[in-house]
Protein chains: 2
Amino acid sequence: MADRKEELTQAIEVQAAKVRQLKAEGAEKTVVEPEAAILRTLHQELAGLEGVKKTKTAKNSFTLKTAKGTKDYNDKEMAIREKVFSTITKVFKKHGAVTIDTPVFELKEILSGKYGEDSKLIYDLADQGGEECSLRYDLTVPFARFLAMNGKEYQNLKRYHIAKVYRRDQPAMTKGRMREFYQCDFDIAGSYDPMIPDAEILRILCEALTNLDLGKFTVKLNHRKILDGIFQVCGVPEANIRPISSAVDKLDKLPWEDVKKEMTQEKGLDAEVADKIGEYVKLKGSRDLLEKLLQDEVLTKNKNAAEGLADMGLLFDFMDAFEITHLMSFDLSLARGLDYYTGIIYEAVTEKSAPPPKQDGVVDDKKKKKNKNGEEDELDESTVGVGSIAAGGRYDNLVGMFSGTNKKGEPNLKIPCVGVSIGVERVFSILMAKQQSADIKSNETEVYVISVGDSLLKERMQLAKELWDNDIKASFMFKTKPKLDKQFAVCEKDHIPLAVIIGTDELEKGLVRIKDMRSKDESQGGGISITRDEMVATLKSKLAQL
Amino acid sequence: MADRKEELTQAIEVQAAKVRQLKAEGAEKTVVEPEAAILRTLHQELAGLEGVKKTKTAKNSFTLKTAKGTKDYNDKEMAIREKVFSTITKVFKKHGAVTIDTPVFELKEILSGKYGEDSKLIYDLADQGGEECSLRYDLTVPFARFLAMNGKEYQNLKRYHIAKVYRRDQPAMTKGRMREFYQCDFDIAGSYDPMIPDAEILRILCEALTNLDLGKFTVKLNHRKILDGIFQVCGVPEANIRPISSAVDKLDKLPWEDVKKEMTQEKGLDAEVADKIGEYVKLKGSRDLLEKLLQDEVLTKNKNAAEGLADMGLLFDFMDAFEITHLMSFDLSLARGLDYYTGIIYEAVTEKSAPPPKQDGVVDDKKKKKNKNGEEDELDESTVGVGSIAAGGRYDNLVGMFSGTNKKGEPNLKIPCVGVSIGVERVFSILMAKQQSADIKSNETEVYVISVGDSLLKERMQLAKELWDNDIKASFMFKTKPKLDKQFAVCEKDHIPLAVIIGTDELEKGLVRIKDMRSKDESQGGGISITRDEMVATLKSKLAQL
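Residues numbered from 1 in each chain as written. Chains lettered and ligands numbered in written order. Predicted model: local features only at pLDDT ≥ 70, side-chain atom pairs only at ≥ 80, totals over all residues. Heavy atoms only, no water.

### Quick look at the side chain of Thr325(B)
- Locating Thr325(B) in the fold gives a position in the loop between helix 13 (303–321) and strand 8 (328–331).
- Here Thr325(B) falls in the buried class, since its relative accessible area comes to 15%. (Helix = DSSP H or I, 4+ residues; strand = E, 2+ residues; numbered from the N terminus. Buried < 20%, exposed > 50% of the residue type's maximum accessible area, 1.4 Å probe, protein only.)

Set out below in structure tokens:
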């Protein structure tokens, strides 16, 4: 390696001289740049070698950090996270859901061809011999793979899955965009009568968001077939329907003028066609909008649109029965990015997460950032809130992609699905922002066993054991001779509500003292004195009152 | 590629002829074997090419499976798994534990140098630019990394972590050895007075195993310093202590004669020294053994042994206070594989998981399998139960490995730890084996809403909504016109205890019928008829009695 380093050092000198020479001669950039690139490569290789050497000599000198785009969750964050999960799973279970679990990595070929351009964000495992594997990118594709594998046994399934997924995206920690993050999916798989499971999913979404206590929210609702019908009757060429749909999807962040520009200038749509689309996608409402569209004879003659409108009619009936219609906004501008949706689509926004109101046709400059090349950078999400809080839709053909096809080219197995994904990371952010970290109780300890004056270690141990035996959550200080103020400080820091206090005096008389550690009331003094026999019952009754 | 295939086909013909020729000539094995190896390589490459070609022509024909060594958990398995987790976490929380979470992958350098030979089992992520990362191999090293990074804030911590870890081991599904599997760790970090947290960890372990209802269990207990002291007084050279210790660790699976052979023949120990060790490591007992060792003047003069024996004295006192001494076996043959233990070590075995009793010095042939080369294969775990069910020990120096060292070469940060890992995968296997899959209720649905005769879809929806609003777990059939027997079948399959039945007649009279679906009692007929107003209260009182 020393030889190679010498070689490189010499090569760098020669190459650097060459670049300097060319620049001094005023050579064209196209001539200088390739030579400069070679110089940079040489520098990089040398730096690499020196890096390796450094690590080898100083064994302990490595960066103490988590991998890029990942983070640890400490006890306070976990307490909030578990509360979020238990709130959500309680709702899922109320609706009869089971949970299944799939591995963190899948065969690479299972994931390929499912995510379009975003496939470049998939993490691969190193080739260490054997199969090629990748970390899961979402929970939907593994679920579809599970159904395709177990379709005989699971013709229908209400399942939820809360687990981490992996995307090699450019992390933006401040915006909550990570490379490892949780998804929380609920899906109903199976062939049922139309729109019944769809309505229950929406009901579940509303219950979950209500119970999470995130403030007011709205569920934007649309139907892929209505949208496709609109594009068709407006005159969008068949091949351009998905690209135009993805332009429409940006309407929650961009004004119509910008979206129209994308349609006409980037995607070559006639301005007239774009304007017709513009008339439709600005519409939003509730059942009134449905009635209005049903009057539109051009639209209702389109097969897709007619099917979508019929679905929406049923859905409004069912949402009325579930009393959630008032939380919905039938919004023709909602398009959703993913290709695989085939029926209704939806997206929930909370008031906190909604983008600021747009001025008609005027671009809000604060929402756009220019990068150093003067090009427009992606939208700065930090100024538009945290975006949508949940989203989903119906996807009837995904399972079939895994089942192989019969002679007619039809999938061997067809399991229609409808599902929703709750953006739990965004929910965490909102809930964490609501409270001071120090105020969060991350343990569940109810009683601290304290000794006054003497050590009484074995006595504290026996007392804690008695509490544990009676299912009381108890701790004591791991000190032979603990100080009283230190023991009190633990109660304060760990938010422990009650203390059992013993001293030699009490022990001799068969007594203990119970003190409410939350109360600053001086009159309780050292707490109330009771007999040891009464201790468990007294504590239980006090705990029941907390 | 076609060219290469042709080349290979020809090369295979030539090579195959060569091998046949050599064999026909009666050539030595040492001559034939290398040529045969070349032939196999050629065959493999050809098979590879043909495999690739096949995939390219038939797009949909890929293997529908999970990656090697991983599996899906279906709803029934998940129900058991969640029960295990909630039983264990309840115990952890009773003892004041919090949970933290670390990422699934770590920087490669964090894991390197921690697992000795087993480092070869670490999964690496592909180099897609940026940092080199690996999937976590256990939860202990990430925990130590977390403490080293957050040592100021977390000088002491009682934390549990239940999560998946990854090992590129040869999977043995029948034995429950997977490449992705759960670990369930509880650790107490911090500087405390001696043996107090150690005793609480053992108490927690006993509570958890008792609550998991796995039958009778024993915790084997030993101390690294006592073991090191024994090796020293017996005359084991310092450099040979860890290898000899790992030979002793096999005493639960191999008879003494085999272990002695490993010590003397493989590891070059004097037979006399080995015999001295043999006298010690066959000892087991309780406090009586401790008393016996304290009489041993040779041993007590050894610094390590004396420290270990003092620790054990304290520990027995504390275990008495916690009333767990009767569950312990002080066992000098317990050595534990991992290098990083510095104090007490322990391993729990259930009666089900314990190896069959050994006959003195006689190898039980059923426990050994010969592979086809006639060499002894690894122990067949399927005949010796599922092995130990939990294990752990004190490790005082691991966090220091991450903290860097000061000028004197001492770690900048020292956080002593003691912990236990419960083998939850083994617990699952034992509990799954206890019951029929069909008997496991994986959903929590309490009430099924049934219609008789007519469709009544909207009415069923409204009724279900009323139940959900009152926190009753309810479902109904996603059918416009469901058949009665199909609805009853769902109750049976999903173990739903109660049904609310409506028909047009009942609706008109403002009545519903409630039927106990578990009872085969014919006398209840179609259930009891009550008014709609009474429904929620009646269901709640029936559910409370379940």
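### Quick word on the interface of chain B and chain A
- Taken together, the contact between chain B and chain A spans 95 residues of the former and 95 residues of the latter.
- At the boundary of chain B with chain A, total buried surface from both sides reaches about 8600 Å², with 58% on carbon and sulfur atoms.
- By the criterion of area lost to chain A, the three top residues of chain B are Lys94(B), Trp468(B) and Phe478(B), representing 10% of everything that side buries.
- Counting across the chain B and chain A interface gives 18 salt bridges.
- Taking the shortest distance from any N to any O, the salt bridge between Arg203(B) and Asp469(A) comes out at 2.8 Å.
- Applying the counting criterion to the chain B and chain A interface returns 44 residue pairs in polar contact (both at pLDDT 80 or more).
- Looking at the side of chain B that touches chain A residue by residue, the class counts come to 42 nonpolar, 20 polar and 33 charged. (Contact = heavy atoms within 4.5 Å. Buried area = accessible area lost by both parts, 1.4 Å probe. Salt bridge = Lys/Arg side-chain N within 4 Å of Asp/Glu carboxyl O. Polar contact = N/O pair within 3.5 Å; in protein donor to acceptor, adjacent residues only side chain to side chain. Nonpolar A, V, L, I, M, F, W, Y, C, P; charged D, E, K, R; others polar.)

### Concerning unusual backbone geometry
- Positive phi values are uncommon outside glycine, yet Asp471(A) reaches one of about 60°.
- Residue position: Asp471(A) is located in the loop between helix 15 (457–469) and strand 13 (474–476).
- Although it is not a glycine, Asp213(B) adopts a positive phi angle of roughly 60°.
- Residue placement: Asp213(B) occurs in the loop between helix 6 (196–212) and strand 6 (217–223).

### Focus on the confidence of the model for chain A
Residue and element names in this part refer to chain A.
- Per-chain confidence: chain A averages 86 in pLDDT, with 86% of residues scoring 70 or above.
- Between residues 51–59, whose pLDDT stays under 50, and residues either more than four places distant or in other chains, the model counts 0 contacts.
- Of the regions scoring below 50 in pLDDT, residues 355–386 engages in 49 contacts with residues more than four places distant in sequence or in other chains.
- Among the prediction metrics, the complex's ipTM stands at 0.81, with pTM recorded as 0.81. (pLDDT = per-residue confidence, 0-100.)

### Some words on the pattern of salt bridges
- Under the definition given, this model contains 72 salt bridges over all chains.
- Note that Lys65(A) is salt-bridged to Glu131(B), the shortest N-O span being 2.6 Å. Taken together, the positions of Lys65(A) in the loop between helix 2 (29–57) and helix 3 (75–94) and Glu131(B) in the loop between helix 4 (108–111) and strand 3 (133–135) put the pair across two chains.
- Residues Arg203(A) and Glu207(A) are paired through a salt bridge, measuring 2.7 Å at the closest nitrogen-oxygen approach. Taken together, the residues Arg203(A) and Glu207(A), both in helix 6 (residues 196–212) and 4 residues apart, mark about one turn of the helix. The two residues Arg203(A) and Glu207(A) agree in class, both being buried.
- Via salt bridges that share partners, Lys94(A), Arg203(A), Glu207(A), Glu323(A), Lys465(B), Asp469(B) and Asp471(B) belong to a single interconnected network.

### Quick word on the pairing of strand 8 of chain B
All names here are of chain B.
- Residues of strand 8 alternate between two faces, with Met328 and Phe330 on one and Ser329 and Asp331 on the opposite face, all of them buried.
- Bridge count between strand 6 and strand 8: 3 bridges; the pairing is parallel. Note on strand 8: the bridge partner recorded for Leu221 is Phe330.
- In terms of strand pairing, strand 7 (residues 284–285) meets strand 8 through 2 bridges, oriented antiparallel. Each residue of the ladder has a partner; that of Gly285, found in strand 8, is Phe330. (Pairing = 2+ DSSP bridges.)

### Brief notes about the sheet that holds strand 11 (residues 417–422) of chain A
Residues and elements named next belong to chain A.
- As summarised here, the arrangement of the 9 strands in space is 1-4-5-11-10-9-6-8-7, forming an open sheet in which the pairing is mixed. With partners counted over all chains shown, the strands left at the sheet margins are strand 1 (98–99) and strand 7 (284–285), one partner each.
- Across 4 bridges, the pairing between strand 9 (residues 344–350) and strand 10 (residues 390–395) is antiparallel. In the sheet register, Glu347 faces strand 10, and the bridge partner there is Ala391.

### With respect to the sheet that holds strand 15 (residues 511–516) of chain A
Residues and elements named next belong to chain A.
- Reading across the sheet, the 5 strands line up as 13-12-14-15-16 and stay open at both edges, with mixed pairing between neighbours. Edge positions in the open sheet fall to strand 13 and strand 16 (528–531), since each of these has one partner strand only. Strand-to-strand twist of the sheet, defined as the mean angle between neighbouring strand axes without regard to direction, takes the value 30°.
- Across 5 bridges, strand 12 (residues 447–451) lies against strand 14 (residues 498–502) in parallel orientation. The residue bridging Ile450 from the neighbouring strand is Ile501, located in strand 14. (Axes fitted to C-alpha atoms, helices over the stretch in contact; angles between N-to-C directions.)

### Topic: the relation of the copies chain B and chain A
- When chain B is fitted to chain A, the best match, at an RMSD of 0.9 Å, comes from turning it 179° and sliding it 0.2 Å along the axis. The superposition operator between the copies reduces to a two-fold rotation axis.
- Counting the interface residues of chain B, we find that 100% of their copies in chain A are interface residues as well, pointing to one common contact surface. (Least-squares fit on C-alpha atoms with pLDDT ≥ 70 in both.)

### Focus: helix 9 (residues 256–266) of chain A
Residues and elements named next belong to chain A.
- Buried residues of helix 9: Asp258, Val259, Lys260, Glu262 and Met263, and no others.
- Elements that come into contact with the buried residues of helix 9 comprise helix 8 (241–248) and helix 10 (271–281).
- A positive phi of about 65° marks Gly268, the residue just after helix 9.

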